[in-house]
Structure formats: structure tokens, C-alpha cells
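Chains, contacts and geometry: an overview
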Amino acid sequence: MRCLVFSDNGDNAGEIISYFYKKMDIDVICNDSVIDYGADNVYKYSNGFSDNLSEYLLEMHNKNKYDYIILSSTNLGRQIAGIISDKLNEKCMPEIFSFEKNGKIVTKRFFYGGKTVLEEETGFKIFTISPGIFEAKKIDKKSNLTEAKLNSSKYKILNEKQKNASGNDITRAKIIVSIGRGLGSKENIEKIMPLVDALHGEIAGSRPVCLDYKWLPEDKQVGLSGKKVKPDLYIAVGISGQIQHLAGIRNAKTIIAINKDKNAPIFEECDYGIVGDLFSVVPELVEKLKK
Amino acid sequence: MDIIVLIKQTVDMDQIKLNDSNEAITENLPLKTDILSKNAIEAAVQLKEKYGGNVTGIIFGTEKATSSMKEAYAMGVDDGYIIKGYEKSDPLITSKVLSDKIKTIKNDLIILGNQSSDSYSGLLQGLLASKLNVSLLSNAIKIEINNGNVDVTTESENEDIIMESPLPAIISVAQEINEPRLPNVMKIMAAGRKNINIEDTDIKYGDDDKILSNKAPENKRKKIVYEDSKGIDEIAKILRVVK
Ligand SMILES: Cc1cc2nc3c(=O)[nH]c(=O)nc-3n(C[C@H](O)[C@H](O)[C@H](O)COP(=O)(O)OP(=O)(O)OC[C@H]3O[C@@H](n4cnc5c(N)ncnc54)[C@H](O)[C@@H]3O)c2cc1C
Ligand SMILES: Nc1ncnc2c1ncn2[C@@H]1O[C@H](COP(=O)(O)O)[C@@H](O)[C@H]1O
């Protein structure tokens, strides 16, 4: 079995290669030199857009007749998945987080906005994989690295604004303290930081906190449309626990919730919970941790 | 500026209940317009208001989709087509039905959501761009027309990119692009009286995909919730261990 993997993010590419390593032979198209994860060939590109990358993928596929094409579900990955799905007239199974093969292929993905998990037996050949759900593992052997020669694209970039990515990648954090709208204001983050520091953790947040109010940078958003995290410990502070948020924390080992509303849905999805005002609970916890 | 906006109707996912074996009960659920379809409608109507032209809505759905089309009319969509025959999320089929219809309507721009709220597939944008052979600009948080070109600010994982493309083009929008308007009663009443074109399709769904289960994710959490101050001590103990 052979598969062709695409990602425009080196971390996601590493996760996907590690997941399929030893299950099949892997060739990768990526804008990063992801040679440490067990792929046979890495084709590194630059200046890739949806048009020239789709052409390149199709060309590779025509040449090598891969059994499966697997793309990371990034903004660019999804565009290319749609284009090649049409060009090859092959259906694409979107957003899977599990791929098992014993005879038939069985995949899993969230459906109804994260409310359920669809387990499907499928004959599809193209898949997109949501980022941050597998663990990337480096191996000793290095892949062959080749430069991918792309056609020129019809798209033109007028301007590019790097996001103020805040460095630490929350998908790798072992301990996360995550804040929600219950915090009330950006200034109140100060009151949470002592807990983050005492635990040597990372801070993250719900969508309103990261996207609407911008109390935290966007790359700290946890959830269905944010990052899927898998820490040993996830502490949800002032987060109600809506289904789209929960979809991002299913793989946390232990979840602790602090919320003043005892009916908050997060208490149905936590291991330990404290019903109380975060502004008194958090300082008390910090105090106890110091002892 | 003639714009086509693609609108999906989904079940109201907040109303989904589970049966004894944790499976979603999806029969007889209330329906609603997909979240990003509403952002797509708002974006299309705003462009019409700025540059003039006509907005046509298309839904591949069932006869029940009239409620979503009326909502779209109330928000400012001018004409609407409902194509009946939708059975399930199958982006390849949906894109075939939609592109066949799109080809019959004069347009400069096609607007849709980046990822629909039930399936999250995000595949339609690419499928349609390929089938219609037009430029694709994705995850837009801003759309502007300049000298016959469209400039779109695309939000992606690490950067915001402004891309330029000639028309016609297809644009998928992100939720951050706008706040969909809430039409007033007059608009809603007027929308109720407007004609909706309802058509059939003879598309056939295949059986290359078999659903083994559709259950709520397993919940193995301990759910030990403290409502008194004893909780602080217990939780502090746990934190000391992991730290
Ligand atoms: C398509 C789509 C995608 C989405 N993707 C995501 C996603 O990726 N991530 C995400 O997080 N959301 C996502 N959402 C949004 C999601 O539906 C919720 O709106 C969001 O998660 C709510 O954030 P919150 O819990 O911070 O705020 P709220 O729901 O407002 O909850 C605040 C909580 O704080 C508690 N509180 C208030 N004051 C205090 C206090 N003093 N002490 C203790 N507790 C207090 C309240 O009881 C309440 O439970 C998405 C929505 C859609 C439609
Ligand atoms: N059945 C449909 N009819 C009309 N538009 C649709 C349909 N399905 C999806 N769309 C549009 O395509 C967008 C993205 O859907 P998807 O690519 O499936 O995630 C949605 O937000 C809608 O704008």
C-alpha cells in the first residue's frame, strides 16, 4: 500500500506520517523538510497555491498510482482536496481522526458539529485529517528529499500579514489552563497567570476569548475550529463547555473545570469540577500549591 | 455584480437528543440555515448594496428548505432556487447538482461558507472551482472589488493573505467576515410572499460508504464535582501530582 500525503504545515505533516508509518509506504508533499518521520520521499515545494499544488499532486498520482491520498485539513489542504476529488472523480472523506484497515477501511470523524462521531466503512481514496490529533514521532532513518517543481500559479498575493503567533504550540503542551468568557476582561488574565506559572503550563482559551475579544492570540483557541489539544491536564476556567469547545479537548487525559454555574455542560465532561467563583477558586488553588 | 450564494439547510444540532445506546436521534428535528451560509448571504448582500447587481440563492435540499430561502430573501437575496433530492452529506454529489444549476445563471461571483456546520467538510469550494473552472479564494474575512478584480483577505493558520483574482471567482467565507443581519418584520413578511423556484434532480447516491455507528463520543470522565470548599483541597492534591 502506498499513500501520498499533503500538508502546508510541517507539524501536521509529521503527525500524519507518524500515524501511517509502517501501515503503508508514504510520499509527502510539504513546504517543510519533514524527513525525520518515516516517509520514503519528501517533495518540498515553495510558492504553492491551490492550482499549481493540485496539478502537482495529480501528476504525482498519475505517475505513481497511490492507493490513498491524504491531506491535512488546513485551509489550503481542504481546497486542494476538493479540486483533486473532482479531477479524479473520487470521493473524499473529510476531517477524519482515525483510519483503521483490516480488509475494509474504517474511519472516524465528528459529525453534527462535534455532537456525534461517525464511524464509517468506506471505499474512498482521498481523506482529509484534522490537525493536532496524532502524535508526531521522529525516527532514525531519513527520507529522500527532493525539490518539487511547481508550475506557476494564476494567483497573486498583494499583501501578507504574519499573525502574531505566540510561540508555544498548545497542541504539544502537557498542562493547559484554558480561559473562557467567564473571565470577564483581558486584564483579568493577570489573575490566572499565577496558576499557569505554578503548574508550568500553557494558557489557552475558548473561541470568544481568542477570536471575538482577542484577549489571547488566535493560535491559542481550543475547539472544533481551533486546536485539538491532548495534554495530561486541561483546566477549563470560566468555560461553559459548548460542544464545539469539547471537540478540541476529547484527548485530554484529565479535565478539571472551574465554573460558577453548577449546570454548565462542562461538568458533564470533566473528571473533577469545582462549582465556584473563579476569582476566589484560582487564588486559593495557587495558595495551596505553594505550600 | 451578479452574485450566487450557496445556502445549506441543516438540522438544528443543538436539539439533537441521544437514545439509550447513545445514538443521535435525527428524525423530526427542527431545521435551520447553516451558520456559514448566513455569513455567505450577508457577504453577498453587502456586495450588492455596494456595487449593485443581483443576488441569487441556491439550496440543494428538500421541500422543507423554503424556510431557509425565505430567511435569505428577508436578508436581501433577490431570487432563489431550491433543488430537491438532497439525502446526505456527499460533497461530490452536492457539487455536481450545484454546479449544473450555477451554469444556467449569469454570475460574476459565487459565495459559499468555508466549512458547513454539520459535516465541516470544506470540500465544496474546491469541487466547485474545479467543476466551473473559476478562481478560488478561500476563508475570506474581507472582499473588495477593484477594477474588475476581486481582492480577498484570506485567513489561514499562520497569516492573513490578501489575494487578487479576476472575475468570475468563487469565494468561501469565514465566520469572522461579518455579523449576519436580523431582518425586521416588514422584510420577513415581504419575503414570505416572494416566489421560490423549486426544481428536481435525478442524481443518484452511491453506496460506497457504510455508516457503522453515529454515536455521541464516549464519555469516560469521572465527573467528580465539588460544590463546597472541600473541592479546593482535593483538586490541589491532584494538581500537586501532575505538576
Ligand atoms: C461553527 C462554530 C465553530 C466553533 N468553534 C469553536 C471552537 O473551536 N472553540 C470554542 O471554544 N468555541 C467554538 N465555538 C463557539 C461555541 O459554540 C461557544 O460559543 C463557546 O465555546 C463559548 O465560549 P465560553 O465557554 O468561553 O463562553 P460562555 O459560553 O459564555 O461561558 C462562560 C462561562 O463562564 C462561567 N462564568 C462566568 N463568570 C464566572 C466566574 N466569575 N467564575 C466562574 N465561572 C464563571 C459561566 O457560568 C459560563 O459557563 C464555535 C461555534 C460555531 C458556531
Ligand atoms: N446542499 C447544499 N446546498 C447549497 N449550498 C451548500 C450545500 N452544502 C453546502 N453548501 C455551501 O457550501 C458551504 C461549505 O460546505 P462544505 O464544503 O460541505 O463544508 C456551506 O457553508 C454552504 O454555503
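In what follows, the structure referred to is the one given above.
Model, not experiment: these values are computed from the prediction. (Residues numbered from 1 in each chain as written. Chains lettered and ligands numbered in written order. Predicted model: local features only at pLDDT ≥ 70, side-chain atom pairs only at ≥ 80, totals over all residues. Heavy atoms only, no water.)

**Description of the interface of chain A and chain B**
- With 81 residues of chain A in contact, the opposing surface of chain B contributes 73 residues.
- For chain A, the biggest contributors to the area lost against chain B are Lys91, Tyr112 and Tyr272 of chain A; these three give 10% of the whole.
- For the pair chain A and chain B, the interface holds nine salt bridges.
- Scanning the region where chain A abuts chain B turns up 37 residue pairs in polar contact (both at pLDDT 80 or more).
- Counting residues per element, the side of chain A that touches chain B draws most heavily on helix H3 (residues 75-88) of chain A, which supplies nine residues.
- For the side of chain A that touches chain B, the per-class residue count stands at 36 nonpolar, 19 polar and 26 charged.
- Alignment of strand S7 (residues 116-122) of chain A against strand S14 (residues 209-215) of chain B, held across six bridges, turns out to be antiparallel. Residue pairing across strands places Glu120 of chain A opposite Ile211 of chain B, the latter belonging to S14 of chain B. (Contact = heavy atoms within 4.5 Å. Buried area = accessible area lost by both parts, 1.4 Å probe. Salt bridge = Lys/Arg side-chain N within 4 Å of Asp/Glu carboxyl O. Polar contact = N/O pair within 3.5 Å; in protein donor to acceptor, adjacent residues only side chain to side chain. Helix = DSSP H or I, 4+ residues; strand = E, 2+ residues; numbered from the N terminus. Nonpolar A, V, L, I, M, F, W, Y, C, P; charged D, E, K, R; others polar. Pairing = 2+ DSSP bridges.)

**Description of the environment of Phe110 of chain A**
- Along the chain, the position of Phe110 of chain A falls in strand S6 (residues 104-111).
- For the pair Phe110 of chain A and Pro94 of chain A, spaced 16 residues apart in sequence, the C-alpha separation works out to 9.6 Å.
- In contact with Phe110 of chain A, other than residues within four places in its own chain, are Phe97, Thr116, Val117, Ala247 and Arg250 of chain A together with Pro217 of chain B.

**Concerning the sheet that holds strand S15 (residues 272-275) of chain A**
- Taken in spatial order, the six strands make up an open sheet running S12(A)-S11(A)-S13(A)-S14(A)-S15(A)-S15(B), and their pairing is parallel. Sheet topology places strand S12 (202-205) of chain A together with strand S15 (224-226) of chain B at the edges, where each strand pairs with a single neighbour. Each strand axis lies, on average, 20 degrees off the axis of its neighbour in the sheet, ignoring direction.
- Bridge count between strand S14 (residues 254-259) of chain A and S15 of chain A: four bridges; the pairing is parallel. Within S15 of chain A, the residue paired with Ile256 of chain A across the bridge is Tyr272 of chain A.
- Packing of helix H7 (residues 278-290) of chain A onto the sheet brings it into contact with strand S13 (233-237), S14 and S15 of chain A, and relative to S14 of chain A it is tilted by some 130 degrees. (Axes fitted to C-alpha atoms, helices over the stretch in contact; angles between N-to-C directions.)

**Topic: the site of ligand 1**
- Looking at ligand 1, there are 27 residues lining it, with Arg181, Ser206, Ser225, Ser240 and Gln244 of chain A nearest.
- Each of chains A and B places residues near ligand 1.
- Ser240 of chain A places a side-chain nitrogen or oxygen 2.6 Å from an oxygen atom of ligand 1.
- One of the side-chain nitrogen or oxygen atoms of Asn259 of chain A is found 2.8 Å away from an oxygen atom of ligand 1.
- Where the shell around ligand 1 is concerned, the elements lending two or more residues are helix H5 (207-212), helix H6 (243-246) and H7 of chain A.
- Looking at the shell around ligand 1 residue by residue, the classes come out as eight nonpolar, 14 polar and five charged. (Near = heavy atom within 4 Å.)

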